[in-house]
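Structural features, examined
What follows is each chain in one-letter form.
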Amino acid sequence: MARPVVAAVDIGGTRVKSALVDERGAELVSQTTRTPSGLSERGALVATVADAVAALRSQAPGDTQLAAVGVVVPGLVDDAAGVARYASNLGWRDVQVVVPLEHSLHLPVALGHDVRAGLLAESRWGAARTAQHALFMPLGTGIAGALLLDGHVVSADGWSGELGHVVVEPGGAQCPCGQRGCLEMVASASAVEHAYAARSGEGVGADVVAARVAAGEPAAQEVWARAVDALARALVMTVTLTGVDLVLVGGGLSRSGELLLAPLREAVDTAMTFQRRPRIITAALGDRAGCLGSACLAWDLA
Ligand SMILES: [Zn+2]
């Protein structure tokens, strides 16, 4: 009998990652391509997914059979309606994804949000396997958040989890969202790079800033401390409001490991009084979380 697999597609700002994934989360075939430009044009998003699925199908091992397709995208996503509502950096608005893909692929198709699906994958195959409550917080170009509460990933019609736009420095830097002092403007990898460049006059990546923090460079340490402080404030708010007892830090900045996590734990611990202290650890699935998350969504349909 043919072995069932699902096709998982993660449409990101710069890359499209896709894979054939079995029911235990193993990737049998995986591929990464550059995100095409013009995804805001009519039909472009659906065509990109269809192309990725066709390429996966052509490489599928002979004993496998495609059972379903999962797609994740950034921005505002209406999972239930199968509609990608809005992504500021990719430019689409209200794109029907599920209906046209099911029509052309003749397979069940699920649509989800990249970060919420990433948390689903962490809860099934990663660092949140035993968790009932968790916050997944990827720190990259921006900052996103996804909540697992009482065993369920929270969506709230796609509006939940905008952790990057919690204000941590009132009156601070102008954020493209219209507010000032958003967490994303202080503690994302890009914010760390900008702040360091402003102090040192040197444009380097966040990983280089991290190395200089470890080496004891004052300018780097100042930028880092400010980011840690902002993250701690956002975490204390989140834990106080939701009661999550596990925080999974992901994204590019999480590669700095204990250099970030140790002072973050300390700052959170110092700020808290009665709250249950969360465990703060690195997410397990790295940049595969979104793709594996779309596989989870597909398996739930298969
Ligand atoms: Zn903002």
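Here's what I pulled together on the structure shown here. Computed from a predicted model, the values in this text were never measured in an experiment.

Definitions and cut-offs
- Residues numbered from 1 in each chain as written.
- Predicted model: local features only at pLDDT ≥ 70, side-chain atom pairs only at ≥ 80, totals over all residues.
- Heavy atoms only, no water.
- 1 Å grid on protein atoms, 1.4 Å probe; cavity = no way out; pocket = protein on both sides within 12 Å on 5 of 7 lines; lining within 4 Å.
- Points joined across faces, edges and corners; volume = space filled by probe spheres on them.
- Helix = DSSP H or I, 4+ residues; strand = E, 2+ residues; numbered from the N terminus.
- Nonpolar A, V, L, I, M, F, W, Y, C, P; charged D, E, K, R; others polar.
- Axes fitted to C-alpha atoms, helices over the stretch in contact; angles between N-to-C directions.
- Parallel < 35°, antiparallel > 145°, perpendicular 65-115°, else oblique.
- Contact = heavy atoms within 4.5 Å.
- Core = buried A, V, L, I, M, F, W, Y, C linked by side-chain atoms within 4.5 Å.
- Buried < 20%, exposed > 50% of the residue type's maximum accessible area, 1.4 Å probe, protein only.

1. Some thoughts on empty space enclosed by the protein
Taken as a whole and assessed by the stated rule, the structure comprises one cavity of 30 Å³ or more. There is about 30 Å³ of room inside the largest cavity. Lining the largest cavity, in full, are M185, V186, A191, A195, V223 and R226. If you list the elements that add at least two residues to the lining of the largest cavity, you get α4 (184-187), α5 (189-200) and α7 (218-242). Its residues placed into classes, the lining of the largest cavity shows five nonpolar, no polar and one charged.

2. Side note on the packing of helix α3 (residues 114-125) against helix α9 (residues 289-299)
Between α3 and α9, whose axes approach to 7 Å, the crossing angle comes to 80°. One element, α3, and the other, α9, form an angle in the roughly perpendicular class. Together, D114, A117, G118, L120, A121, E122, R124 and W125 of α3 and A289, G290, L292, G293, S294, A295, C296, L297 and W299 of α9 make up the contact between the two elements. Of the residues assigned to the contact of α3 with α9, the class counts are 10 nonpolar, four polar and three charged.

3. Points about the nonpolar core
M137, L183, W224 and L231 are the most contacted members of the largest nonpolar core, which totals 41 residues. When contributions to this core are tallied by element, the ones reaching two or more residues are β9 (134-138), α4, α5, α6 (206-214), α7, β12 (246-250) and α8 (258-271). The element best represented in this core is α7, accounting for 12 residues. For W224, the residues in contact, after removing those within four places along its chain, are V192, V209, A210, V213, L253, S256, L259 and L260.

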